[in-house]
Amino acid sequence: MGHLALAPWETRVFGGDLALTAGAEQDLNGGGWKKANDRAGFASLFRVIQPVRVFRALTPPVLMLGVVVSCGQPSAEPPTEPPAESLIGRPTPPPKDPFTDITAVSGVDFFHAAGATGEWALSEVMGGGAALFDMDGDGDLDLLLLAGAKRPFDPDSPQSGAGHGLFRNDGSGHFEDVSAGAGLGELRGYAMGAAVGDVNGDGALDLFISQLGRDALLVGDGRGRFSDVSDSWNVASREWSSSAAFADHDGDGDLDLFVVRYIEQRAGVKCHDSSGRRTYCPPSSGPAVHDLLLRNDGDRFVDVSSELGLDRAPAPGLGVVVEDITGDGRADFYVTNDQAANQLWVRQADGTWRDEAMQRGIALNGNGVAEASMGIIAEDLDLDGRCDLFMTHLGGETHTLYSARGSGLFGDRTTPAGLSVATRPGTGFGIAAFDLELDGDLDLAVAQGRVQVGDVHDGCELEGTWAQLAEPNLLLLNDGKGRFSSDALRALSVSVPLMVDRSVVSGDIDGDGDIDLIFSRVEGGPQVLRNDAERGGTWILLDPRTTETAATALGIELTIHAGDRTFRRTSRSSDGYQSSRDPRVHFGVPAEVGAVDVEARWTDGARESFRSLAVGKVHRISKGNGETP
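Quick caveat, the model's predicted, so the values are computed rather than measured.

Trainee: Would you mind going over the sheet that holds strand 35 (residues 516-521) with me for this structure?
Mentor: Adjacent strands of a sheet form backbone hydrogen bonds with each other and so pair up, either parallel or antiparallel. As summarised here, the arrangement of the four strands in space is 7-36-35-34, forming an open sheet in which the pairing is antiparallel. For this open sheet the edge positions go to strand 7 (99-101) and strand 34 (501-507), each flanked by a neighbour on one side alone. Across the sheet, the mean angle from the axis of one strand to that of its neighbour is 25°, orientation sign disregarded. Two strands pair when backbone bridges link them, and strand 34 and strand 35 are joined in this way by six bridges, in the antiparallel orientation. Residue pairing across strands places Ser 506 opposite Leu 517, the latter belonging to strand 35.

Structure, rendered in structure tokens:
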């Protein structure tokens, strides 16, 4: 949630004007900045052209003219950002829905109970993490969905509802609930997110659960059962942890752990919007907490946060991605902070670490303003061979695209990429970057839902506060050059029913070669979406391994040459918001290409080539089995 500091004890918040004032209860009220009525301008489907609204933020007012849909949002850009296809003039046939909602027949029966008690604890609208991972080594993707807590202010609270949900995939996209006896039921605290990796090198995937309360490390046995080793592995932090990521930051062959942390949540702080409605508080309602770097010593983690200077740089962190941002061959940690400058932790030649986000152009947006950054992905979105950054923000801001310019420098390309108007209305959290139509470029799905109450969207079936927080999700289609269009009709397939979404995880759950999506929510059940989009090509899925028996290796840069086209991506499980997805690297490939050449750069800097790998298949790439330069 974004806020603009104006004076001591005063904060005004986009989308619901808040001011922090001294007092016995620190009652928050305010006035000033205002976001236009979210309900205004939204009408029924096929009501095509309508002038929409003016937003006031830190930039001049923007007039939007767009396609509007039930419970949706404008899908076209202003004249300087023309849409890829127009409904003005000559009619065009409606596109086929790219996704089919298979939740009801998927076997995923789960409800995230936020545990709301009427105290308006911020934690109850910030959870909803998920993980899509192969827990039993059978080659398909299983699903973890995290529950809330019965008492959101209590770090020792038991889980809410039926507790965390673990679901085994049979390979066809049908899941079986195997939560009972899996080792998740005894965890206490308010779960936020999950990171997945093999911490002990036995080939089985393990889970790190970030929480408001005691964080948890669960070691897997490779058959879907987990043991809590949090204390012996020294990960039982009791602050508010949000996102986390495993990575081999020191090149010793095992996975270290970066944990993003948020604020100290305090009871007795009340927030109201400009109309007097009670709402959730901004991050300024509690002191920020510094992040953690935990070094893996083989049988336990050692806190080396002070080596990075993390203990001297507290910030309200929500997202993290591990990537070689600077191009020096070493992994960097990019952290998104909630209305504070984002951070890029870069290892220096002498072994020390430094925050280089400001000098590289990725601490603030193009206007020099710190935004309410939440989810984050790092991918080559314009196919120039360099990794770009895309992150989500509060409604009234935009979701922001930082495009790589070379030499580790970036520029804010949100408007030229067609993203400013389409993303401004909603509050975004999770992001999935995936090739929807197998045409080679990466499209974006964004999970959205407010954190401050607002007017209820037409057609919303939720009640009370949850209806005031529900928003439509976004589906942003890439034109192959890093320019995106928001197609309102296609976006319906990721926005019905209208809920308060938080995470979105991606992977091929049914084994047909394209990427499916699962959205998780607060105070609601997940949505399982099968990708049925018309295909513009074929595919290949690469599974890098350091040894034949190891789990999928993280942080491996893979470049494929498919005919006259080249694509570059990195194996990772943690990105988006408080979630983990399939770490194997998926590429859409031109239909006329029958085989591709692959170049792998391993975390120790070694490079290998793998020639003539057939498309339409999953390939395990083992270190040492390729050709060396």
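After that view, the rundown keeps rolling.
Trainee: Help me out: how do you make sense of the state of the cysteines in this one?
Mentor: A covalent bond between the sulfur atoms of two cysteines is what we call a disulfide. Tallied over the entire structure, the rule returns one disulfide. Between the sulfur atoms of Cys 271 and its disulfide mate Cys 281 the distance is 2.1 Å. Its S-S torsion of approximately 120° makes the covalent link between Cys 271 and Cys 281 right-handed. Taken together, the positions of Cys 271 in strand 18 (residues 271-272) and Cys 281 in the loop between strand 19 (278-279) and strand 20 (292-296) put the pair ten residues apart, joining distant regions of the chain.

Trainee: Looking at this structure, how should I read the environment of Gly 309?
Mentor: Looking at the element boundaries, Gly 309 is found in the loop between helix 2 (305-308) and strand 22 (317-323). Spatially, the C-alpha atom of Gly 309 lies 9.7 Å from that of Asp 291, the residues being 18 residues apart in sequence.

Trainee: How should empty space enclosed by the protein be read in this particular structure?
Mentor: Take a probe with the size of a water molecule and roll it over the atoms, and the empty space left behind shows itself. In total, this model carries six cavities of 30 Å³ or more according to the counting rule given. Along the wall of the largest cavity there are 18 residues; nearest its centre are Ala 433, Arg 581, Arg 584, Val 585 and His 586. Secondary structure elements with two or more residues in the lining of the largest cavity: strand 30 (428-434), strand 34, strand 39 (565-570) and strand 42 (585-590). When its residues are assigned to classes, the lining of the largest cavity shows seven nonpolar, four polar and seven charged. Per-domain counts for the lining of the largest cavity show at least three residues from each of domain 1 (99-538) and domain 2 (539-622).

Trainee: Hey, could you run me through the packing of aromatic side chains in this one?
Mentor: Think of a pair of aromatic rings as described by two things: how far the centres are apart, and how the planes are tilted against each other in angle. Counting across every chain of the model gives eight aromatic pairs. Aromatic pair Phe 99 and Phe 434: ring centres 6.2 Å apart, planes at 45°, arrangement tilted. With Phe 99 in strand 7 and Phe 434 in strand 30, the pair connects residues that are 335 residues apart, well separated along the chain. Each of the two residues, Phe 99 as well as Phe 434, counts as buried. Here the aromatic rings of Phe 133 and Phe 226 are separated by 6.4 Å at their centres, their planes lie at 55°, and the arrangement is tilted. You can see Phe 133 sitting in strand 8 (residues 130-133) and its partner Phe 226 sitting in strand 15 (residues 226-228), a full 93 residues away along the chain. Of the two residues, Phe 133 and Phe 226, both sit in the buried class.

Trainee: Whenever I open this one, the nonpolar core confuses me. Can you help?
Mentor: Note that soluble globular proteins tend to have their nonpolar side chains buried in a common cluster. Ranked by internal contacts, the top residues of the largest apolar core, which has 29 residues, are Leu 122, Val 125, Met 126, Trp 240 and Trp 466. Within the residue set of this core, elements represented by two or more residues are strand 12 (190-197) and helix 5 (464-469). Looking at this core, the element that brings in the most residues is helix 5, giving three residues. For Val 125, the residues in contact, after removing those within four places along its chain, are Tyr 280, Val 451, Trp 466, Leu 469, Arg 502 and Val 522.

Trainee: Honestly, the sheet that holds strand 16 (residues 241-247) in this entry has me stumped. Any pointers?
Mentor: What the four strands build is an open sheet, ordered 16-17-20-21; its pairing is antiparallel. Two strands in the sheet have a free side with no partner beyond their single neighbour: strand 16 and strand 21 (301-303). The average angle at which neighbouring strand axes cross in this sheet is 25°, direction not considered. Examined bridge by bridge, strand 20 and strand 21 share three bridges and lie antiparallel to one another. Across the sheet, residue Leu 294 finds its bridge partner in strand 21, namely Asp 303.

Trainee: Help me understand unusual backbone geometry in this model?
Mentor: A negative phi angle characterises most non-glycine residues, just as the trans form characterises most peptide bonds. Cis rather than trans, the peptide bond between Val 496 and Pro 497 has omega equal to 0°. Along the chain, the position of Pro 497 falls in the loop between helix 6 (488-491) and strand 34. The phi dihedral of Trp 120 is positive, around 55°, even though this residue is not glycine. Tracing the chain through its elements places Trp 120 in the loop between helix 1 (103-106) and strand 8. The phi torsion at Ser 612 lies on the positive side, around 50°, for a residue other than glycine. Relative to the helices and strands, Ser 612 resides in strand 44 (residues 607-614). What makes Ser 612 exposed here is its relative accessible area of 56%.

Trainee: Just to check I follow, could you spell out the environment of Arg 483 for this structure?
Mentor: Take Arg 483: it is sitting in the loop between strand 32 (474-478) and strand 33 (484-486). Separated by 102 residues in sequence, Arg 483 and Leu 381 have C-alpha atoms that sit 8.6 Å apart. At 2.7 Å, the side chain of Arg 483 forms a polar contact with the backbone oxygen of Pro 416.

Trainee: Would you explain the pattern of salt bridges in this entry?
Mentor: A side chain with one charge can pair with a side chain of the opposite charge if their charged atoms come near. Throughout the structure, instances matching the rule amount to 33 salt bridges. Residues Asp 228 and Arg 214 are paired through a salt bridge, measuring 3.2 Å at the closest nitrogen-oxygen approach. Placement of Asp 228 in strand 15 and of Arg 214 in the loop between strand 13 (206-212) and strand 14 (216-220) is noted, with a sequence separation of 14 residues between them. Take Asp 228: its relative accessible area is 37%, and that puts it in the partly exposed class. The closest approach of N and O atoms between Arg 386 and Asp 384, which form a salt bridge, is 3.2 Å. If you follow the salt bridges from partner to partner, you end up with Glu 323, Asp 324, Glu 379, Glu 557, Arg 568, Arg 572, Asp 575, Arg 581 and Arg 601 in one network.

About the criteria used
Residues numbered from 1 in each chain as written. Predicted model: local features only at pLDDT ≥ 70, side-chain atom pairs only at ≥ 80, totals over all residues. Heavy atoms only, no water. Pairing = 2+ DSSP bridges. Helix = DSSP H or I, 4+ residues; strand = E, 2+ residues; numbered from the N terminus. Axes fitted to C-alpha atoms, helices over the stretch in contact; angles between N-to-C directions. Disulfide = S-S within 2.5 Å. 1 Å grid on protein atoms, 1.4 Å probe; cavity = no way out; pocket = protein on both sides within 12 Å on 5 of 7 lines; lining within 4 Å. Points joined across faces, edges and corners; volume = space filled by probe spheres on them. Nonpolar A, V, L, I, M, F, W, Y, C, P; charged D, E, K, R; others polar. Domains from an automatic or database assignment. Phe/Tyr/Trp six-rings, centres within 6.5 Å; stacked < 30°, edge-to-face > 60°. Buried < 20%, exposed > 50% of the residue type's maximum accessible area, 1.4 Å probe, protein only. Core = buried A, V, L, I, M, F, W, Y, C linked by side-chain atoms within 4.5 Å. Contact = heavy atoms within 4.5 Å. Polar contact = N/O pair within 3.5 Å; in protein donor to acceptor, adjacent residues only side chain to side chain. Salt bridge = Lys/Arg side-chain N within 4 Å of Asp/Glu carboxyl O.

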